[in-house]
Amino acid sequence: MAGRINDEDVKAVRDAVPIDAVVSEYLQLRNAGGGNLKGLCPFHDEKSPSFQVSPAKGLFHCFGCQEGGDTITFVMKVDHLTFSEAVERLAGKAGITLRYEEGGYNPTHQRGERIRLIEAHKVAAEFYAAQLESPEAEIGRAFLAERGFDQAAAAHFGVGYSPAGWDHLTRFLRGKGFSDKELILSGLSQDGRRGPIDRFRGRLMWPIRDIGGEVVGFGARKLRDDDNGPKYLNTPETPIYKKSQVLYGIDLAKKEIAKSSRAVVVEGYTDVMACHLAGVPTAIATCGTAFGGEHIKILRRLLMDNGSARVIFTFDGDAAGQKAALRAFEDDQKFAAETYIAVAPDGMDPCDLRLAKGDAAVADLVEPRTPLFEFALRQIVARYDLETPAGRAAALDEAAPVVARIKNSGAQHEVAVQLAGMLGILDTQFVVKRVAQLARWARDRGGKGPAPQRGPQPVPARPAAPSGPALNLRNPVYATERELLKLALQRPDLVSPAFDAYGVDEFTAAPYAAVRQAILDAGGAEYGAQDPQEYLVRVREAAPDDTVRAMVTELAVEAIMRRTVDEAYAGDQLVTVRLRAVDRRIRDVQGTFTRLSGGHGDPEQLAAVQNELWVLQQYGRALRERGAAAL
């Protein structure tokens, strides 16, 4: 049984490894103000960054999913390690030798399973790299040279060679203290008739690293005609290798992806090498599987989903490449980034293109060419005869549902207009309406086509707990309400006592209405102005559930949008929220007045409604002319 790590050593590890350096291995961090950093949370899928890191405190916290802790906790959660395994990994990075109680240090028995498998792969990668220099590996060196890769390129990517014998690596790893059970579990060896044998034999080897730079698997390329195995053989699924969660080259590309907000997705190991050597250091590839949802999550955390982010897919120009591109389009809406496809005119992949036309041609290839949605639609449209009405109608029937899956309503409309042009349909509005209809049907069925957001939904007088804090903050109504609530929580002295007169129904977003109710139940902003510290505690306690409580915390720590926060700015937010509420009420009263003025209503009720309408209009005019003084 593993011994307990000495407490002083745990503290030394915690102090030695900065939390921001560790977290930056997995996601892009940006300045969040107040000495904090922010990024997209690695523990849940989100559109806007709610994950914050405090380097000064050595802590992280996600305001979306509520995960939090120190550096060790982060490594435990992100890599699914035990406490001891996480400390051991961090100690290795910091060069700290750990002391173990209850029997001292014994690496064979006291290291965690994942750490042992990582160590086995590290040793295997070094073994394979050394074997590339052997006489037997001449065929592998020739393969690389034919594709334009010299010894330096092979060393940079860690390319190696697995000897053709049955158990060269297995015997080598046994000599390093690894057990047969560990070798089988790692996927480096497999069961033979007389015990474990090497899984990879006589092949060129590419080490596959996770985003933290640890070797977790290998890709092996067949070199000889008498090898009856597949052209490429990858490590099987193991405790440390999940092909749907690994991107080849991500360890080398992550910093450039984060820096440039751009990623290039290619199809193979040699394509990644060719791109990097040609000056495209953002290239990555999947490992024997289609590009899918888990890969998208990795890239989104690096790209930070900013509006200028781009993902460029390069696929072969053959039918298989086109099919791969259409599969990628299936997941296109999971990106906030713009997605493109780049296909060389003669169908060459980046590796072949570099050989034939040089580095400049590769760099030029991955400049964004065709938006992925446009490529997908052209593939559909090309199958129909657009010279006939029947052909155009059939093409529309297949293409319109594709456009209807686009979530953003503005983008959906724009693509629908482009589709009409592709089909040669002069009545553009017919195509736009058809797409919108399909989107509505998909939404009603609970399918993949969510409806575009067309404004705030009505809020009950006593709000139910919101389903979650995620909102479309591009909506200016929500953004102003959010800003006013931040002021009410962080600077209650600036909005009190006016804020306490605001009704819950003046906040049109359900989560914000719930926070307003919690502030009311806690004594209001006026209480906060008197006792700021106790105020936030009371508001959190007044929240009806963890979801609203999380929203309170989020609004209490999020930076206010204006650098200089004063009474004038607070007054602007108060006036905007109140004026919108007044305008909504005016519209309601006008509707009632119209119904009653038809001659069938009660004269007294009509007069009362008319009077209310006049009062509201006067109040609205005063708010517009006098601002906060009219509150």
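Just so it is clear, the structure is predicted and the values come from calculations on it, not from any experiment. (Residues numbered from 1 in each chain as written. Predicted model: local features only at pLDDT ≥ 70, side-chain atom pairs only at ≥ 80, totals over all residues. Heavy atoms only, no water.)

Some details on the pairing of strand S7 (residues 189-192)
Part 1 of the argument: The sheet contact formed by S7 and strand S8 (residues 195-198) spans four bridges and is antiparallel. Among the inter-strand pairings, Ser189 is bridged to a residue of S8, identified as Asp198.
Part 2 of the argument: Between the end of S7 and the start of S8, which pair antiparallel, lie two residues. (Pairing = 2+ DSSP bridges. Helix = DSSP H or I, 4+ residues; strand = E, 2+ residues; numbered from the N terminus.)

A look at the pattern of salt bridges
Part 1 of the argument: One pass over the structure, following the stated rule, counts 27 salt bridges.
Part 2 of the argument: Between Arg171 and Asp167 there is a salt bridge, with its nearest N and O atoms 3.1 Å apart.
Part 3 of the argument: Taking the relative accessible area as the measure of exposure, Arg171 reaches 45% and is therefore partly exposed.
Part 4 of the argument: Across the pair Arg378 and Glu374 runs a salt bridge, and its minimum N-O distance is 3.2 Å. One end of the pair, Arg378, and the other, Glu374, are both in helix H17 (residues 372-381), four residues apart, so they sit about a helical turn from each other.
Part 5 of the argument: Residues participating in the shared-partner salt-bridge network are Glu8, Asp9 and Arg99. (Salt bridge = Lys/Arg side-chain N within 4 Å of Asp/Glu carboxyl O. Buried < 20%, exposed > 50% of the residue type's maximum accessible area, 1.4 Å probe, protein only.)

What about the confidence of the model for the protein chain?
Part 1 of the argument: In this model, the protein chain carries an average pLDDT of 83, and 87% of its residues clear a pLDDT of 70 or more.
Part 2 of the argument: Across residues 104-110 the pLDDT falls below 50, and counting only partners more than four positions away or on other chains, this stretch makes 15 contacts in the model.
Part 3 of the argument: Considering only residues more than four positions removed or in separate chains, one finds that residues 447-471, a stretch of pLDDT under 50, has 51 contacts. (pLDDT = per-residue confidence, 0-100. Contact = heavy atoms within 4.5 Å.)

A closer look at the sheet that holds strand S10 (residues 215-222)
Part 1 of the argument: The strand order across the open sheet built from four strands is S6-S9-S10-S11, with neighbouring strands paired in antiparallel fashion. Every other strand in the sheet has two partners, leaving strand S6 (160-162) and strand S11 (232-234) as the edge strands with one partner each. Within the sheet, the average angular offset between the axes of one strand and its neighbour, ignoring direction, is 35°.
Part 2 of the argument: Strand direction decides the pairing type here: strand S9 (residues 203-209) and S10, joined by seven bridges, are antiparallel. Among the inter-strand pairings, Pro207 is bridged to a residue of S10, identified as Phe218.
Part 3 of the argument: Helix H12 (residues 269-277) contacts S9, S10 and S11 of the sheet and is inclined by roughly 70° relative to S9. (Axes fitted to C-alpha atoms, helices over the stretch in contact; angles between N-to-C directions.)

Observations regarding the packing of H12 against helix H15 (residues 350-357)
Part 1 of the argument: Interaxial distance between H12 and H15 falls to 7 Å at its minimum, and their mutual angle equals 45°. As summarised for this structure, H12 and H15 are arranged oblique, according to the angle between their axes. On H15, the residues touching Thr270, Asp271, Ala274, Cys275 and Leu277 of H12 are Pro350, Cys351 and Arg354. (Parallel < 35°, antiparallel > 145°, perpendicular 65-115°, else oblique.)

Section: the sheet that holds strand S15 (residues 310-314)
Part 1 of the argument: Strands sit in the order S12-S14-S13-S15-S16-S17 across an open sheet of six strands; the sheet is mixed. On the outer flanks of this sheet lie strand S12 (247-248) and strand S17 (370-371), each paired with one strand and no other.
Part 2 of the argument: Where S15 and strand S16 (residues 338-342) come together, five bridges link them in parallel fashion. Of the residues in S16, the one forming a bridge with Thr314 is Ala342.
Part 3 of the argument: Contacts from helix H13 (residues 293-303) reach S12, strand S13 (262-266), strand S14 (283-286) and S15, with the element oriented near 155° to S13.

Concerning H13
Think of an α-helix as 3.6 residues a turn; residues three or four steps apart then line up on the same face.
Part 1 of the argument: The element H13 is extensively covered by neighbouring structure, given that eight of its eleven residues are classed as buried.
Part 2 of the argument: His295, Ile296, Ile298, Leu299, Arg300, Arg301, Leu302 and Leu303 are the residues of H13 that are buried.
Part 3 of the argument: Contacts from the buried residues of H13 go to strand S1 (30-33), S12, helix H11 (250-260), S13, S14 and S15.
Part 4 of the argument: After H13 finishes, the residue Met304 shows a positive phi value of roughly 65°.

Let's talk about unusual backbone geometry
Part 1 of the argument: Cis geometry marks the peptide bond from Ser496 to Pro497; its omega dihedral reads 5°.
Part 2 of the argument: With respect to the secondary-structure elements, Pro497 resides in the loop between helix H22 (492-495) and helix H23 (510-521).
Part 3 of the argument: The backbone phi angle of Gln66 is positive, close to 70°, even though this residue is not glycine.
Part 4 of the argument: Assignment of secondary structure puts Gln66 in the loop between strand S4 (59-62) and strand S5 (68-70).
Part 5 of the argument: Looking at Gln66, the relative accessible area reads 36%, which means it is partly exposed.

Topic: the packing of helix H6 (residues 113-131) against helix H9 (residues 168-175)
Part 1 of the argument: Taken N-terminus to C-terminus, the directions of H6 and H9 make an angle of 125°; their axes are 11 Å apart at the nearest point. Put simply, H6 runs oblique to H9. The element H6 and its partner H9 pack so that their crossing is right-handed. Within the contact between the two elements, H6 uses Ala120, Val123, Ala124, Phe127 and Tyr128 and H9 uses His168, Leu169, Phe172 and Leu173.
Part 2 of the argument: The residue makeup of the contact of H6 with H9, split by class, is eight nonpolar, one polar and no charged. (Left-handed = near helix turned anticlockwise from the far one by under 90°. Nonpolar A, V, L, I, M, F, W, Y, C, P; charged D, E, K, R; others polar.)

What about the nonpolar core?
Part 1 of the argument: In this structure, Phe51, Phe74, Ile250, Ile257 and Leu299 are the most contacted members of the largest nonpolar core, which totals 50 residues.
Part 2 of the argument: Here this core takes five residues from H13, the largest share from any one element.
Part 3 of the argument: Among all residues touching Ile250, those that are not within four sequence positions of it are Arg209, Asp210, Ile211, Ile257, Ile284, Ile298, Leu299 and Leu302.
Part 4 of the argument: If you look at the next biggest cluster of nonpolar residues, it comprises 43 residues, including Leu117, Val159, Tyr340 and Ala342. (Core = buried A, V, L, I, M, F, W, Y, C linked by side-chain atoms within 4.5 Å.)

Here's the deal with the packing of aromatic side chains
Part 1 of the argument: Scanning the model with the defined rule gives 18 aromatic pairs in all.
Part 2 of the argument: Taken together, a centroid distance of 4.9 Å and an interplanar angle of 80° make the contact between Tyr248 and Tyr269 edge-to-face. Residue Tyr248 is found in strand S12, and its partner Tyr269 is found in helix H12; the two are separated by 21 residues along the sequence.
Part 3 of the argument: Classification of Tyr248 by relative accessible area gives buried; the value is 3%.
Part 4 of the argument: Note on Tyr269: relative accessible area 5%, which makes it buried.
Part 5 of the argument: Between Phe291 and Phe313, the aromatic rings sit 5.2 Å apart at their centres with planes inclined by 85°, giving edge-to-face as the arrangement. Pair noted here: Phe291 is in the loop between S14 and H13 and Phe313 is in strand S15, with a separation of 22 residues, a long-range link. (Phe/Tyr/Trp six-rings, centres within 6.5 Å; stacked < 30°, edge-to-face > 60°.)

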